[in-house]
Amino acid sequence: SSVFNFICILEILYFSYVFAFVKVLEELTIVLNRATHDTSRLIMISGTGTVFSSGIDLTTITGDLLRSAFIGPSSCDSSRSSSSSSANVFASRNSNHHKIGADNSKSHHSDNTNCSFSQTNYDSNLNSSSHRNANRVHSFFCSPNASNVGRLAAALRSFLLALVSFPKPVVVGVNGPALGLAVAILPLCDIVYISDSATFYMPYTRLGQIPEGASTYTLNSLVGMPLANELLLAGRKLSAREALQRGLASDLLFPKSFKQELLLRCRKLAENSCMSLEITKCMMKMQHRERIEYVINAECKKLLECWQTAEFRCTAMEFILNEMDDFV
């Protein structure tokens, strides 16, 4: 993060190493807490490249069993040796990450789960009816590490509560596809600018998990119950223009000059009175804040239970291997 002309700028990157996303959430929480007291008048969040964010990195939950199938053993080994992290991260995927190569047909061993996985065996098991049996699924997908899941749930809760309580305006620039949590946090922010190339997808029921980011409450208020049901239950994907028309975004910016226009608008906003900005935001948010915090706590509790089930691990594996084209 950096402060420029009273604007705290956060850019979304991706690090493919174990616990990366947990560290991302923990550092974002630290940045939000620090920005509360620094000289910035607002926070600007945007992605890098052509992708905004893929939300929660599911390999944080599923472990190296899924990671080795998705990016290959060499990437897993090199990622484990990395110790750097950045507050500029939010788990968006660049074009060179998480590609399934020819070597993935081989069996890889996970240091954390002590079981092997092969792409060929996965395809045959996934297509067979036996994988729906809970005991068979549990034997195929090793039990998740409870400490990993607990740490992720705690980090997610802390980040969301910090975002909800942040006193200064939060401006988001959605420069490309957004998935899951990346969409869920938009109603918690104050101004959302989007590129014409942006898409919005919340496939929670396909993943076998519940929504996050208080979206079960905020989307109803923002876009209405019918569309909220389509987004959360049916997994409808919105285009940029649909998102603008339905109230999920504030304005549409041209892709070629997106970053320049986004920064220009943030500069204009930062020219206003700091006191006026904070008091106005407080008055606008206060009527919903207590309810949003309650929903965040309830969702994180249910997510912790959901992430430890065999059904979730099975559907997460299938989703990442088959439906992450926008992020790989």
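Scope of this entry: the structure provided in the associated data block. (Residues numbered from 1 in each chain as written. Predicted model: local features only at pLDDT ≥ 70, side-chain atom pairs only at ≥ 80, totals over all residues. Heavy atoms only, no water.)

Observations concerning the pairing of strand 3 (residues 42–47)
Within a regular strand, side chains alternate between the sheet's two faces. Going by this rule: Using a 1.4 Å probe on the protein chains alone, a residue whose accessible area is under 20% of its type maximum counts as buried, one over 50% counts as exposed, and one in between counts as partly exposed. Secondary structure is summarised from DSSP: a helix means a run of H or I of at least four residues, a strand means a run of E of at least two, and numbering begins at the N terminus for each. Any two strands with at least two DSSP bridges between them are considered paired.
With six of its six residues buried, strand 3 lies for the most part within the structure. Residues Leu42, Met44 and Ser46 line one face of strand 3 and the alternating positions Ile43, Ile45 and Gly47 line the opposite face, and both faces are buried. Bridge analysis of strand 3 against strand 6 (residues 170–174) gives four bridges, and the strand direction is parallel. The residue of strand 6 that forms the bridge with serine 46 is glycine 173.

Side note on the pairing of strand 6
With five of five residues buried, strand 6 is to be regarded as a mostly interior element. Judged by which residues are buried, strand 6 turns out to be covered on both faces: Val170, Val172 and Val174 on one side and Val171 and Gly173 on the other are all buried. Sheet topology note: the strand 6/strand 8 (residues 191–195) ladder contains four bridges and is parallel. Its bridge partner lying in strand 8, glycine 173 is registered against tyrosine 193.

Details of the sheet that holds strand 9 (residues 199–201)
Spatial ordering of the open sheet is given by 7-9-10, a layout of three strands whose pairing is mixed. The sheet is open, and its two borders are formed by strand 7 (178–179) and strand 10 (238–239), each paired with just one other strand. With two bridges connecting them, strand 7 and strand 9 associate as parallel partners. Residue leucine 179 lies in a different strand from strand 9, and its bridge partner there is tyrosine 201.

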